[in-house]
Amino acid sequence: MALGQGDIITVLQTALAPAFLLVAVGGMLSLFAGRLARIIDRSRILQNLFIETEGHEHQCIVDELHDLQLRIKIVNSAIYLSVISAIVACILIGLLFVMGLTGINLSGVIAGAFIIAMSLLSIALVQFLREVRIGVRDFMIREEFLERSDPQK
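Note that the structure is predicted; figures quoted are calculated from it, not measured. (Residues numbered from 1 in each chain as written. Predicted model: local features only at pLDDT ≥ 70, side-chain atom pairs only at ≥ 80, totals over all residues. Heavy atoms only, no water.)

Caption draft 1: Molecular detail of the environment of L36. In this fold, L36 is placed in helix 2 (residues 16–50). On a C-alpha basis, the gap between L36 and K73 in space is 9.4 Å, while along the polypeptide they are 37 residues apart. Those residues in contact with L36 that sit more than four places away from it in its chain are I72, V75 and I79. (Helix = DSSP H or I, 4+ residues; strand = E, 2+ residues; numbered from the N terminus. Contact = heavy atoms within 4.5 Å.)

Shown next, in the form of structure tokens:
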């Protein structure tokens with residue numbers, strides 16, 4: 001079967017949507033990796049302070065370390081889901097080329113792969129939202145640091 005230039009162009013144009021999905025996932029993975037690095041850095045700082053503190057301050061560090069451990073697990077799952085989504089998107093692009101160049105009807109498989117890739121990406125984003133919410137909660141300034149010296153404010 002001879003392939004025309006138009007067939008190749010059509011397949012390339014069709015493969016652009018999943019390729020853009022890969023670009024988006026790559027950007028998200030970079031963001032997730034940055035968050036994970038910051039969480040790990042913070043946990044190392046707190047682990048060093050763990051030995052030096054007592055009482056209420058020590059308990060605050062322990063509580064934050066528990067939250068950091070949870071955040072690490074959540075970001076790790078977001079990374080995992082995003083990578084699986086990217087792999088499915090790569091398979092999707094391959095399937096588009098196979099279908100376009102051979103004429104084999106893979107429409108159902110391609111639609112399923114796209115749904116799976118988008119579902120995994122959506123779950124990864126939900127995980128990221130969970131991690132951000134925990135991080136913001138931990139970043140809230142404790143009341144003892146918010147004492148006002150001017151009673152009229």
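Caption draft 2: Region of the structure containing the side chain of S85. Positionally, S85 belongs in helix 3 (residues 55–102). The buried category is assigned to S85, whose relative accessible area is 0%. The residues touching S85, leaving out its near neighbours within four places in the chain, are V25, A117, L120 and L121. (Buried < 20%, exposed > 50% of the residue type's maximum accessible area, 1.4 Å probe, protein only.)

Caption draft 3: Spotlight on the nonpolar core. Of all hydrophobic cores here, the largest spans 30 residues; its most connected members are L21, F32, V75 and I110. When residues of this core are traced back to their parent elements, those giving at least two are helix 2, helix 3 and helix 4 (107–139). No other element matches helix 3, which puts 14 residues into this core. In this structure, I110 is in contact with L92, L95, L96 and M99, ignoring residues within four places of it in sequence. (Core = buried A, V, L, I, M, F, W, Y, C linked by side-chain atoms within 4.5 Å.)

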